[in-house]
Amino acid sequence: MPQDSIKVYVVDDDDSIRRALKRLLRSVGYHAQTFESAEEFLEFAPKPDEGCLVLDIHLPKMTGLDLQKKLVSKGANYSVIFMTTYDNPHWQERAEKMGAVAYLKKPFNEQALIAAIDQCRLCRKERIHQ
Amino acid sequence: MKTKVILTTLLASTLAVILAAIPAGAGPQESDAMSILKTMSDYVGSQKTIQLAFDSDIEVITPQLEKIQFTNSGEALLNRPDKLRAHRVGGYSDVELIFDGKTVSIFGRSVNGYAQFDAPGTVDQLLEALRLGHGVALPGADLLLSNSYDVLIAGIEESKHIGRGVINGLECEHLAFRNFDTDWQLWVEVGQRPIPRKLVITSKTLNSAPQYTLRVKEWKTGVEPTPQEFVFTPPAGAQILDPNALIELDELPQGAPQGGNQ
């Protein structure tokens, strides 16, 4: 699996969640970079602004949904996977309208996240070949 | 009817066994848990030097839903406010961190490479900078902070004093805390030296709820380290690593665990 063909960024305010996801992704061969907040991601996000963004909705200041909106308005090309503990149909609808690849309700299966990232990788591949 | 009687008897017996296993007066006691946590934090924060040895376990769930545990051992020497030396060795990495109050050096023995960053300030500030800016995971390091109580209580939604347990033959207070996305448990030594003996962090984001476990095997205070112990001298032939390569010094291997089939 050419996992190195896509960069994965995880934004979650919980330190141990960031570690757990980083380890999970590492165990299947993905290199993941983690961020504690939307603001930190905006400050440190590497260029080019593309790849797979695994984004917690419930962040302390700027929410995950607001971050996605900001990135879309800047023309960034991230494939976004949302994670949330709260089941809010409005959030899901909003995320899907903005093109989210997946909307994962915590707790979720490891395979669901890996499958969503694989889908991001395929989407990117298709974009490159278009 | 007979089945119902047997079932009722069985339930009653089970309940009796469960109740017998719970020590008297060990019900959920939130204030006790916070007070023990504060006592530990105050004690640890008041120690100028700490030398410790630890074992740690990290669980990873493979895409095939197999739970694999990776094990490491290590030691640390802390000299407040601004000196730290820590070493961790496992099956996939052998990493040393040296901080002299100005520069932090992270040396990967297995790759004979190191990365260095300017980090003028205290050990508390260093740990925060490493976590945020470089993604270097130091789980359990929060316990050594001079104000660990303030950091640890952030985000706690529920706390319990479960009772007592024994770690390495030492009686400990067993505390359990619930945060939004994680549960964590802490065992604090009973007596004059309320030090952390075991930490378990359970991630609730993933269905398999992987855990990180840290056990403190040895703990010494009052040691007098020499300044030389916090100086990093790169070994001959050591390469300077790209900061992005620090992930290669993690506690588990890149890629799914292989092993041989039986």
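Residues numbered from 1 in each chain as written. Chains lettered and ligands numbered in written order. Predicted model: local features only at pLDDT ≥ 70, side-chain atom pairs only at ≥ 80, totals over all residues. Heavy atoms only, no water.

Caption draft 1: Examining empty space enclosed by the protein more closely. Under the criterion given, the structure shown has 3 cavities of 30 Å³ or more. A volume near 90 Å³ is recorded for the largest cavity. Forming the walls of the largest cavity are Ser16(A), Arg19(A), Ala20(A), Arg23(A), Glu59(B), Ile201(B), Ser203(B), Pro210(B), Gln211(B) and Tyr212(B). Every element with two or more residues in the lining of the largest cavity is listed here: helix H1 (15-27) of chain A together with strand E10 (196-203) and strand E11 (211-221) of chain B. At 4 residues, the largest contribution of residues to the lining of the largest cavity is made by H1(A). Here the residues of the lining of the largest cavity are counted per class, giving 4 nonpolar, 3 polar and 3 charged. (1 Å grid on protein atoms, 1.4 Å probe; cavity = no way out; pocket = protein on both sides within 12 Å on 5 of 7 lines; lining within 4 Å. Points joined across faces, edges and corners; volume = space filled by probe spheres on them. Helix = DSSP H or I, 4+ residues; strand = E, 2+ residues; numbered from the N terminus. Nonpolar A, V, L, I, M, F, W, Y, C, P; charged D, E, K, R; others polar.)

Caption draft 2: Quick look at the state of the cysteines. Counted under the stated rule, the structure contains 0 disulfides over all chains. The thiol of Cys52(A) is not disulfide-bonded; the next cysteine sulfur, from Cys120(A), is found 3.3 Å away. (Disulfide = S-S within 2.5 Å.)

Caption draft 3: How the structure looks around the side chain of His174(B). Residue position: His174(B) is located in strand E8 (residues 170-178). Apart from the residues lying within four places of it in its own chain, the contact partners of His174(B) are Lys160(B), His161(B), Ile162(B), Gly163(B), Arg164(B), Gln185(B), Leu186(B) and Trp187(B). (Contact = heavy atoms within 4.5 Å.)

Caption draft 4: Expanded view of the sheet that holds strand E3 (residues 83-90) of chain B. Across the sheet, 12 strands lie side by side as E7-E8-E9-E10-E11-E1-E2-E3-E4-E5-E6-E12 (chain B); this open sheet has mixed pairing. Across the chains shown, the open sheet's two edge strands, defined by having one partner strand only, are strand E7 (158-167) and strand E12 (239-240) of chain B. Pairing analysis gives 13 bridges linking strand E1 (residues 49-61) of chain B to strand E2 (residues 67-79) of chain B, with the strands arranged antiparallel. In the sheet register, Leu52(B) faces E2(B), and the bridge partner there is Ala76(B). Running at roughly 55 degrees to E1(B), H1(A) makes contact with E1, strand E9 (182-189), E10 and E11 of chain B of the sheet. (Pairing = 2+ DSSP bridges. Axes fitted to C-alpha atoms, helices over the stretch in contact; angles between N-to-C directions.)

Caption draft 5: Main features of the interface of chain B and chain A. Between chain B and chain A, the contact holds 30 residues from the first and 31 residues from the second. Our count for the contact surface shared by chain B and chain A stands at 1 salt bridge. For the salt bridge of Lys106(A) with Asp181(B), the shortest nitrogen-to-oxygen distance reads 2.9 Å. On inspection of chain B and its partner chain A, the count reaches 7 residue pairs in polar contact (both at pLDDT 80 or more). Mapped onto the side of chain B that touches chain A, the elements with two or more residues apiece are E1, helix H3 (123-134) and E10 of chain B. (Salt bridge = Lys/Arg side-chain N within 4 Å of Asp/Glu carboxyl O. Polar contact = N/O pair within 3.5 Å; in protein donor to acceptor, adjacent residues only side chain to side chain.)

Caption draft 6: Representation of the pairing of strand E3 (residues 50-56) of chain A in the model. All names here are of chain A. The buried fraction of E3 amounts to 6 of the 7 residues, a majority that puts the element mostly inside the structure. With 7 bridges connecting them, E3 and strand E4 (residues 77-84) associate as parallel partners. Among the inter-strand pairings, Glu-50 is bridged to a residue of E4, identified as Asn-77. A crossover connection joins E3 to the parallel E4 through helix H3 (residues 64-73); in handedness this β-α-β unit is right-handed. (Buried < 20%, exposed > 50% of the residue type's maximum accessible area, 1.4 Å probe, protein only. Right-handed = clockwise from strand over helix to strand, strands pointing away.)

Caption draft 7: Summary view of the sheet that holds strand E5 (residues 102-105) of chain A. Residues and elements named next belong to chain A. As summarised here, the arrangement of the 5 strands in space is E2-E1-E3-E4-E5, forming an open sheet in which the pairing is parallel. Both edges of this open sheet fall to strand E2 (32-35) and E5, since each of them pairs with a single strand only. Averaged over all neighbouring strand pairs, the angle between strand axes comes to 20 degrees, with direction disregarded.

Caption draft 8: Quick peek at the layout of surface pockets. There is about 880 Å³ of room inside the second largest pocket. Looking at the second largest pocket, it is lined by 33 residues, and the ones nearest its centre are Asp15(A), Asp142(B), Val151(B), Ala154(B) and Asn179(B). Among the elements of the structure, H1 of chain A together with H3, helix H4 (148-153), E9 and E10 of chain B are those that each provide at least two residues to the lining of the second largest pocket. Top element by residues in the lining of the second largest pocket is H3(B). It accounts for 4 residues.

Caption draft 9: Quick look at H1(A). Residue and element names in this part refer to chain A. Here H1 contains 13 residues, and its C-alpha end-to-end distance of 18 Å stays within 8% of the 18 Å for a straight helix at 1.5 Å per residue. Most of H1 sits out of view: 12 of its 13 residues are buried. For H1, every residue scored as buried is listed here: Ser-16, Ile-17, Arg-18, Arg-19, Ala-20, Leu-21, Lys-22, Arg-23, Leu-24, Leu-25, Arg-26 and Ser-27. Immediately downstream of H1, the backbone of Gly-29 shows phi near 100 degrees, a positive value. (Expected span 1.5 Å × (residues − 1).)

Purely geometric numbers; function is a separate question.
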